[in-house]
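Structure at a glance
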Amino acid sequence: MNDSSPVPAAPVLDVWCELQCPDCRSALDDLRALRARYGDRLELRLRHFPLEKHRHAFAAAQAAEEAWEQGRGWQYVEAVLERVEELDRAGEPFLVEVARELGLDAEEFDTALIDGRHILVVDADQAEGRAIGVTGTPTYVIGGERLDGGKSQEGLRERVEEIADRLLAERRA
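Please read these numbers as outputs of a predicted model, since none were measured by experiment.

The rules we used
- Residues numbered from 1 in each chain as written.
- Predicted model: local features only at pLDDT ≥ 70, side-chain atom pairs only at ≥ 80, totals over all residues.
- Heavy atoms only, no water.
- Helix = DSSP H or I, 4+ residues; strand = E, 2+ residues; numbered from the N terminus.
- Contact = heavy atoms within 4.5 Å.
- Buried < 20%, exposed > 50% of the residue type's maximum accessible area, 1.4 Å probe, protein only.
- Polar contact = N/O pair within 3.5 Å; in protein donor to acceptor, adjacent residues only side chain to side chain.
- Pairing = 2+ DSSP bridges.

We now examine the side chain of Thr137. Within the element layout of this structure, Thr137 appears in the loop between helix 8 (119-131) and strand 3 (139-142). Once you skip the residues sitting within four places of it in the chain, Thr137 turns out to touch Trp16, Cys17, Glu18, Cys21, Asp23, Cys24, Phe49, Leu51 and Gly150.

Okay, the side chain of Asp14 next. Structurally, Asp14 can be placed in strand 1 (residues 12-17). Classification of Asp14 as buried rests on a relative accessible area of 9%. A polar side-chain atom of Asp14 sits 2.7 Å from a polar atom in the side chain of Arg45. Not counting residues up to four positions away in its chain, the partners in contact with Asp14 are Arg45, Arg47, Thr139, Tyr140 and Val141.

This part is about the pairing of strand 1. On a regular strand, each side chain points to the face opposite its neighbour's, so the side chains alternate between the two faces of the sheet. Most of strand 1 is tucked away: five of the six residues are buried. Direction of pairing for strand 1 relative to strand 2 (residues 43-48): parallel, over a ladder of six bridges. Its bridge partner being in strand 2, Trp16 is matched across the sheet by Arg47. Relative to strand 3, strand 1 is paired through four bridges, and the arrangement is antiparallel. When the sheet's bridge partners are listed, Asp14 is paired in strand 3 with Val141.

This is the structure in structure tokens:
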């Protein structure tokens, strides 16, 4: 008998993040470890939640979307988060410079920041985050559970792994 039922999609971990946020930079090691442990068995999605207190966060979210469009989203996000202080000081020119350093089309980044082509994606993420109770970054959502990393990163990766492992076991059952 041919079972043509579709294979369920990988469990999703939404990470509500802001690229000018020092707490999100602290979460980088956890995100790298989760990506290394699960690979494509867990869909890790960066969701934008720019905070008003960081004046370059909205532009950084748009730049990250352009990086995804050019095929290097995670590399770009990590590069910007690792240098939060430079983003604080230099703003949008820094975002374009990081794109250039990564071999991306920096002129296209500059144009995307001017023409606002990614604003709707960022606005939609932010609105969805507010609707589900996100108030700060990073915030993780997996298996219907919201985990607030803005208060403390302590034990969060382990909790995400517990939930991911349970969801993956349920898929196999």
